[in-house]
Amino acid sequence: MLLQTSAHHLNASLSSSLSYSRPLPTKIPSLALPRSINYQRLAISSSISQVHNYGTVDYERRPIVKWNAIYRKISLLADDPELNASSVLNQWEKEGKKLSKWELCRVVKELRKFKRFGRALEVYDWMINRAERFRFSSSDAAIQLDLVGKVRGVSSAENYFLSLPDNLKDKRIYGALLNVYVRAKMQEKAESLLDKMRSKGHALHPLPFNVMMTLYMNLKEYEKVESIISEMMEKNIQLDIYSYNIWLSSRGSQGSAERMEQAFEQMKLDRTIDPNWTTFSTMATMYIKMGLFEKAEACLKMVESRITGRDRIPYHYLLSLYGGVGNKDEIYRVWNVYKSSFPSIPNLGYHAISAALIRVGDVEGAEKIFEEWLTVKPSYDPRIVNLFIVSYIEEGDFDKAQSFFDNMVEAGGKPNSSAWEALAEGHIEEKRISEALSCWKEAFMAEGSKSWRPKPVNVTTFYEFCEQEGDVRSKEIFLGLLRQSEHLKNKSYALLVGLSDEDSSDNDTSLEKDGINDNQDGDEKSDGGSDMLLNQLQNTL
């Protein structure tokens, strides 16, 4: 039976095949890659490392010191290229504290969790230089390849892959390289590598297919997602929870509730699968995009019933998605449950509640949340302030937006590129070219600007404004900023902002493929779930 139009029927259909846990209360209650590795000295093991083992020899399995003490020392290192995790590890051993591989791998795991990829790679480099002590497995090589790709880029990851001996290149090594290509949205290389994995018998499990499907989702090539699903079924490759969630997202992204529900019915028939909160948040997202709010809210109740452990992320999605359906009461209810479930709320939680309230028009309520955040904030997050700056500018209250901005700076907050762009947008509305250009300059120089790209509509509006006012100098300065940022090398972006072909490169990729966001403060739920699904897949490597 497909999901029915009413929320009641949706719940009946879902609960008929699945057993759900408790619902929430209904009331408010830059290091160089080693030139070579002497694999003759390494004891190669291809067994999968477990959390308790990591491929260590027997005498290493019982940790001598606590790994978190090492992790804290490394995590406190500033992002200074002169500082290195090896200095921490060397000092530790000089003090007579012998380090085991278990401890070091646990440190790497934690560093990766918090996206300190450079430091994690430094720990691995330190172990590689002591190959006589630490057994190097294919799992280690796969993790290191993944880190090299994140820290030093695709080319370095490829060189690392080529440097590995053939007997070490198992499905995990190939899978790690495939993930590097998918992260970089390099479709041809990813497809070619998957073909090679098929021929070598390394594509007999769902992970590589799941990774490829997230690539096709990001490129909006939904028919290729269907092709992957068909291949898996034909070859009797068991679809896992990630496979089904990506399939649901793909079909929903095409605007067909019926086809998405058909995939869900197929999922319910698979006795090896227990839908998780991501399943229902994905479906809720799609229903909201289709305007089917009753079905969306029914799915959000299912999200609540699937929250387990100390996971904060589902609450962020619930807040955002209830904002999407316009249900202010549910936003506040979930917020209060969230606060009662954890001793503290991170900045992302305050960002989610503020964005949701602003979305439903409760700016006053969002301002009260903001005042609360100021008293408990672990750090000053400009993304939260940007929500209000953009909201005030959209309402035509530039003075209030400027006041919020100034207060952030006085409090020690560092405005990011999106904050400066929002102010530039306000100055453009007020017909102030000089002030807008000054904000644009700050936006292009702000920390993290390389991961930001100005919204095309703001670029064209400012450009046209300069032409209307006959301000050739400001127009040329702005164009120079765009060229210097190299955004115009992307032909699709150059055409989108209305610039000539001479300002762009024919060899560059589409906007979907270059991996740069138009907005640093974009809602993490607005992508239909494909980025979230890819991030979850990362944790399975």
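For the structure itself, look to the data block above.
Residues numbered from 1 in each chain as written. Predicted model: local features only at pLDDT ≥ 70, side-chain atom pairs only at ≥ 80, totals over all residues. Heavy atoms only, no water.

> Hey, could you run me through the packing of aromatic side chains in this one?
What describes a pair of aromatic rings is the distance from one ring centre to the other and the angle between the planes of the rings. Considering all chains together, one arrives at 24 aromatic pairs under this definition. Summarising the aromatic geometry, the rings of Trp-277 and Tyr-317 are spaced 5.6 Å apart at their centres and angled 55 degrees between planes, so their arrangement reads as tilted. Placement of the pair is Trp-277 in helix H14 (residues 277-290) and Tyr-317 in helix H16 (residues 313-325), with a sequence separation of 40 residues. Under the relative-accessibility criterion, Tyr-317 is labelled buried at 6%. (Phe/Tyr/Trp six-rings, centres within 6.5 Å; stacked < 30°, edge-to-face > 60°. Helix = DSSP H or I, 4+ residues; strand = E, 2+ residues; numbered from the N terminus. Buried < 20%, exposed > 50% of the residue type's maximum accessible area, 1.4 Å probe, protein only.)

> I keep staring at the nonpolar core and nothing clicks. Help me out?
If you look at soluble globular proteins, the nonpolar side chains tend to sit buried side by side. Counting residues in each nonpolar core, the largest one holds 157 residues, and the members touching the most others are Val-123 and Phe-478. Contacts of Phe-478, omitting those with residues within four sequence positions, involve Leu-437, Trp-440, Phe-444, Val-459, Phe-462 and Tyr-463. (Core = buried A, V, L, I, M, F, W, Y, C linked by side-chain atoms within 4.5 Å. Contact = heavy atoms within 4.5 Å.)

> Would you take a moment to explain helix H15 (residues 293-305) for this structure?
The α-helix winds at 3.6 residues per turn, so residues separated by three or four positions along the chain end up facing the same way. End to end, H15 covers 19 Å across 13 residues, agreeing with the expected 18 Å (1.5 Å per residue, within 8%). Of the residues making up H15, those classed as buried are Lys-295, Ala-296, Ala-298, Cys-299, Leu-300, Met-302, Val-303, Glu-304 and Ser-305. (Expected span 1.5 Å × (residues − 1).)

> Help me out: how do you make sense of the pattern of salt bridges in this one?
Oppositely charged side chains can form a pair if their charged atoms are brought close together. Scanning all chains against the criterion turns up 31 salt bridges. The residue Arg-333 makes a salt bridge to Glu-304 at a minimum N-O spacing of 2.4 Å. Taken together, the residues Arg-333 in helix H17 (residues 328-341) and Glu-304 in helix H15 connect sequence positions 29 residues apart. Note on accessibility: Arg-333 and Glu-304 belong to one class, buried. Between Glu-447 and Lys-414 there is a salt bridge; the shortest N-O distance is 3.8 Å. Remark: Lys-414 occurs in the loop between helix H21 (398-410) and helix H22 (417-429) and Glu-447 occurs in the loop between helix H23 (433-445) and helix H24 (456-469); sequence separation between them is 33 residues. Owing to a relative accessible area of 65%, Glu-447 belongs among the exposed residues under this scheme. (Salt bridge = Lys/Arg side-chain N within 4 Å of Asp/Glu carboxyl O.)

> It is not clear to me how unusual backbone geometry should be interpreted in this structure. Could you clarify?
Even without glycine at this site, Lys-115 takes up a positive phi of about 60 degrees. Within the secondary structure, Lys-115 is located in the loop between helix H4 (101-113) and helix H5 (117-128). For Lys-115, a relative accessible area of 59% puts it in the exposed group. Notably, Lys-431 is not glycine yet its phi reads approximately 65 degrees, a positive angle. Within the element layout of this structure, Lys-431 appears in the loop between H22 and H23.

> What am I meant to see in the environment of Tyr-160 here?
Residue placement: Tyr-160 occurs in helix H7 (residues 154-163). In the structure, Tyr-160 is positioned 15 residues away from Leu-145 in sequence and 6.6 Å away in space, judged by C-alpha atoms.

> In this structure, what is going on with the packing of helix H8 (residues 171-183) against helix H9 (residues 187-199)? I would like to understand it.
Relative orientation and spacing of two packed helices are given, respectively, by the angle between their axes and the distance between those axes. H9 packs onto H8 with a crossing angle of 165 degrees between their chain directions and a minimal axis gap of 9 Å. Taken together, H8 and H9 sit at an angle that is classed as roughly antiparallel. Between H8 and H9 the crossing geometry is left-handed. Packed against H8, whose contacting residues are Lys-171, Tyr-174, Gly-175, Leu-177, Leu-178, Tyr-181 and Val-182, the element H9 presents Lys-189, Ala-190, Leu-193, Lys-196 and Met-197 at the interface. Of the residues that constitute the contact of H8 with H9, the class distribution is eight nonpolar, one polar and three charged. (Axes fitted to C-alpha atoms, helices over the stretch in contact; angles between N-to-C directions. Parallel < 35°, antiparallel > 145°, perpendicular 65-115°, else oblique. Left-handed = near helix turned anticlockwise from the far one by under 90°. Nonpolar A, V, L, I, M, F, W, Y, C, P; charged D, E, K, R; others polar.)

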